[in-house]
Amino acid sequence: MKVLLIGSGGREHALAWKIAQSPLLDALYAAPGNPGIADHATLVALNVEDHAAVIAFAKEKAIDFVVIGPEAPLVAGLADDLRAAGIATFGPSKAAAQLEGSKGFTKDLCARYDIPTGAYQRFKSAEPARNYVREQGAPIVIKADGLAAGKGVTVAMTEAEALAAIDECFDGAFGTAGAEVVVEAFLDGEEASFFCLSDGKTALALATAQDHKRVGDGDTGPNTGGMGAYSPAPVMTPAMVERTMKEIIEPTISGMAKDGNPFSGVFFAGLMITAKGPELIEYNVRFGDPECQVLMMRLKSDLLPILYATATGTLDKVQAEWRDDAALTVVLASKGYPGAYDKNTPIAHIPDASEEAKVFHAGTALKDGKLVATGGRVLNVTALGKDVTEAQARAYALTDRVEWENGFCRRDIGWQAVAREKA
Ligand code: AMP
Ligand code: GLY
C-alpha cells in the first residue's frame, strides 16, 4: 500500500514511525512532515490547504490511502475532497468534524441523544450570556464556539471571571471562533482522554490517556497544547470504558449517522469522571498530541490495516492489541512557550531510540544541515515501563540526555498515576 500522511507534529511522527513498521506498506510520503518523520517517509512540500494539489500528488504517485493527522485540514474538508477523488482517507468529513469545530454543535448532539455532559446554553451576543452567568453563578465554564488553538476555554471560579471571559470572546480575542459562546456547567471530577475508532457504524475502542495541559509543575501556569501524557489512565477502569462506550460513544455514532453526518475516523473524547459517571467535556476528531505518542508506543498490532478498515467501513474485521506496559511522554518546549519564544535555536544532540524509548520530533527543522527548534513544543521523549513510575524514570533519564539549551520541560509528568502506584 502507498500511503500519504498529512501533518508535521509529534503526533504525525508517532503515526509515521508506526505505519512504517507495517508489512503492508510499499511507500510512505508525508506532507509537509518534519526531520524526525523523514526517517520513515519521503517528505513532500505540499500546501495542504490546496486540496487540488494534494489530490494531484496522490494521483501522480498512485497513493492508495491518505491519513490526515491534524484537525485544521479535516475542518476544511480535505477528507471529503480526497474521497470524492476516489482516494481512501482516514479522517472525518467536514460535516462530521464539526464535533471538534463547533462546541455548540456537539452540545446540541448530546442534548438530542441524551449523552451525559454539563448543562449549557449557546449565545450569539454578550448581554444574554452575562445574564445566564448571573443566574447560574460560579464556578461556570465559558467556551468560544470554534477552534481557538486550545485557548478558547475559561473555567471561571468567580462570576467576575466568567463575565470577563464572555467580553473577551465577543471583543474578538479568538476571532470568528468567539462569535458564538457556549456557557456550560462546571463538572467536578478527574479528567481522562478516551480514544475510539469508528467507520460510521462500528466502534473499536483503542486506549486511554491523561494529558498535562498547564505549562508548570504541579499543574500551574497557563494552558498549553499539552506538556506530557501517559497511557493508560488509571481512572478509566474497564467498567468505566464500558459505560463510556455505551453512554457516550455509541449514541454519538448512531446520532451522527441519523443526522446525516456519519463519522469515520478517531474520536478523542475528553471526559470528566464525575460522581455520576463519565461525562463528555468535548470531542476532538483526530489523535491527541502528545497522547498519540504514548498510544503508538503501546499498540502491539499493525496500525495500517486498522486505520484502513476505519476508512473503508470494515472496522468489524480488525482488532487492536495493546501492551500491558504503561507509556509516558515528556514534551520539551522552547523557553517562553506558550508565550513568545526564540526560533531556530540549535539542538546539539538527540539520543538514539531503544526498544522501550524514543524521541519524537514535533517543532524541528533542518537549517543548513543542522537540527533546530522552530516550534513551541519541539520534542516528545517517550518511554515504556512496567508501570507509569518506571516509564516516567526512563523518559526523564532520556530527556536529560537531549542537548538543547533553549529547551525546558515539566519534571512531574505522570504525578497522579505515580502517586496512585505508590499508595
Ligand atoms: P476543552 O478545550 O473543552 O478541552 O477545555 C479545556 C479544559 O477546560 C478541559 O481539559 C478541562 O480541564 C476544562 N473544562 C472544560 N469544560 C469543563 C467543564 N464543563 N467543567 C470543568 N472543567 C472543564
Ligand atoms: N493534547 C491535547 C490535544 O491534542 O488536543
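Heads up: these notes are all about the structure in this document.

What counts, and where the lines are drawn
Residues numbered from 1 in each chain as written. Chains lettered and ligands numbered in written order. Predicted model: local features only at pLDDT ≥ 70, side-chain atom pairs only at ≥ 80, totals over all residues. Heavy atoms only, no water. Helix = DSSP H or I, 4+ residues; strand = E, 2+ residues; numbered from the N terminus. Buried < 20%, exposed > 50% of the residue type's maximum accessible area, 1.4 Å probe, protein only. Contact = heavy atoms within 4.5 Å. Areas by Shrake-Rupley, 256 points an atom, 1.4 Å probe, with all protein chains shown as cover. Lys, Arg positive; Asp, Glu negative; His and termini not counted. Charge placed at Lys NZ, Arg CZ, Asp CG, Glu CD. Salt bridge = Lys/Arg side-chain N within 4 Å of Asp/Glu carboxyl O. Pairing = 2+ DSSP bridges. Axes fitted to C-alpha atoms, helices over the stretch in contact; angles between N-to-C directions. Near = heavy atom within 4 Å. Polar contact = N/O pair within 3.5 Å; in protein donor to acceptor, adjacent residues only side chain to side chain. Nonpolar A, V, L, I, M, F, W, Y, C, P; charged D, E, K, R; others polar. Parallel < 35°, antiparallel > 145°, perpendicular 65-115°, else oblique.

**Looking at the overall build of the protein chain**
Along its length, the protein chain carries 13 helices and 23 strands. Summarising its shape, the C-alpha atoms of the protein chain cover approximately 60 × 45 × 40 Å along the three principal directions. Buried residues in the protein chain amount to 59% of all 423 residues. A separation of at least 24 residues holds for 68% of the contacts in the protein chain among residues at least 6 apart in sequence. Surface accessibility of the protein chain: about 16,900 Å² in total, with carbon and sulfur atoms responsible for 51%. If the 41 positive side-chain charges of the protein chain are averaged to one point and the 55 negative ones to another, these points end up 1 Å apart.

**So, the pattern of salt bridges**
Side chains that differ in sign of charge can pair as their charged atoms come close. Applying the stated criterion to the full structure yields 24 salt bridges. Linking glutamate 180 and arginine 122 is a salt bridge whose minimum nitrogen-to-oxygen distance equals 2.6 Å. Taken together, the residues span a long stretch of sequence, with glutamate 180 in the loop between helix H8 (159-170) and strand E9 (181-185) and arginine 122 in strand E6 (residues 120-123) at a distance of 58 residues. Its salt-bridge partner being lysine 386, residue glutamate 390 comes within 3.2 Å of it at the nearest N-O pair. With relative accessibility at 25%, the residue glutamate 390 sits in the partly exposed group. Of the residues examined, lysine 386 reaches a relative accessible area of 62% and is grouped as exposed. Each of the salt bridges in this network shares a partner with another, and the network as a whole consists of Asp108, Arg122, Lys124 and Glu180.

**Regarding the sheet that holds strand E1 (residues 2-7)**
Taken in spatial order, the five strands make up an open sheet running E3-E2-E1-E4-E5, and their pairing is parallel. The open sheet has two edge strands, strand E3 (42-43) and strand E5 (88-90), and neither has a second partner. Against the sheet, helix H1 (residues 10-19) touches E1, strand E2 (27-32) and strand E4 (65-68), its axis set at about 165° to E1. Most of the contacts of helix H11 (residues 303-312) go to E5, to which it runs at about 110°, and overall it touches E1, E4 and E5.

**So, the site of ligand 2**
Around ligand 2, the surrounding shell consists of Asp211, Gly225, Phe268, Arg286, Gly288, Asp289, Pro290 and Glu291. One of the side-chain nitrogen or oxygen atoms of aspartate 211 is found 2.9 Å away from a nitrogen atom of ligand 2. At 2.9 Å from a nitrogen atom of ligand 2 is found a side-chain nitrogen or oxygen belonging to glutamate 291. Here ligand 2 loses 86% of its free accessible area of 200 Å² to cover by the protein chains.

**With respect to the site of ligand 1**
In the vicinity of ligand 1 lie 14 residues, with Glu184, Ala185, Leu187, Glu191 and Glu282 positioned nearest. In the environment of ligand 1, a nitrogen atom lies 3.0 Å from a nitrogen or oxygen atom belonging to the side chain of lysine 143. In the model, an oxygen atom of ligand 1 is placed 2.5 Å from a nitrogen or oxygen of the glutamate 191 side chain. Grouping the amino acids of the shell around ligand 1 by side-chain chemistry returns eight nonpolar, no polar and six charged.

**With respect to unusual backbone geometry**
Looking along the chain, the bond that leaves serine 231 and enters proline 232 is cis, with omega of -5°. Positive phi outside glycine occurs at aspartate 219, with the angle close to 55°. Mapped onto the elements of the fold, aspartate 219 is located in the loop between strand E12 (214-216) and strand E13 (220-223). Among the residues examined, aspartate 219 registers a relative accessible area of 31% and is labelled partly exposed. Of note, asparagine 344 is a non-glycine position whose phi angle comes to about 60°, a positive value. Structurally, asparagine 344 can be placed in the loop between strand E17 (326-334) and strand E18 (345-346).

**Remarks on H1**
In terms of burial, H1 is a largely internal element, ten of the ten residues being buried. Those residues of H1 lying buried are Gly10, Arg11, Glu12, His13, Ala14, Leu15, Ala16, Trp17, Lys18 and Ile19.

**Some details on the packing of helix H12 (residues 388-399) against helix H13 (residues 415-422)**
Between H12 and H13, whose axes approach to 8 Å, the crossing angle comes to 130°. One element, H12, and the other, H13, form an angle in the oblique class. Contacts between H12 and H13 involve Val388, Thr389 and Gln392 from the first element and Ala417, Val418 and Glu421 from the second. Taken together, the residues that form the contact of H12 with H13 break down as three nonpolar, two polar and one charged.

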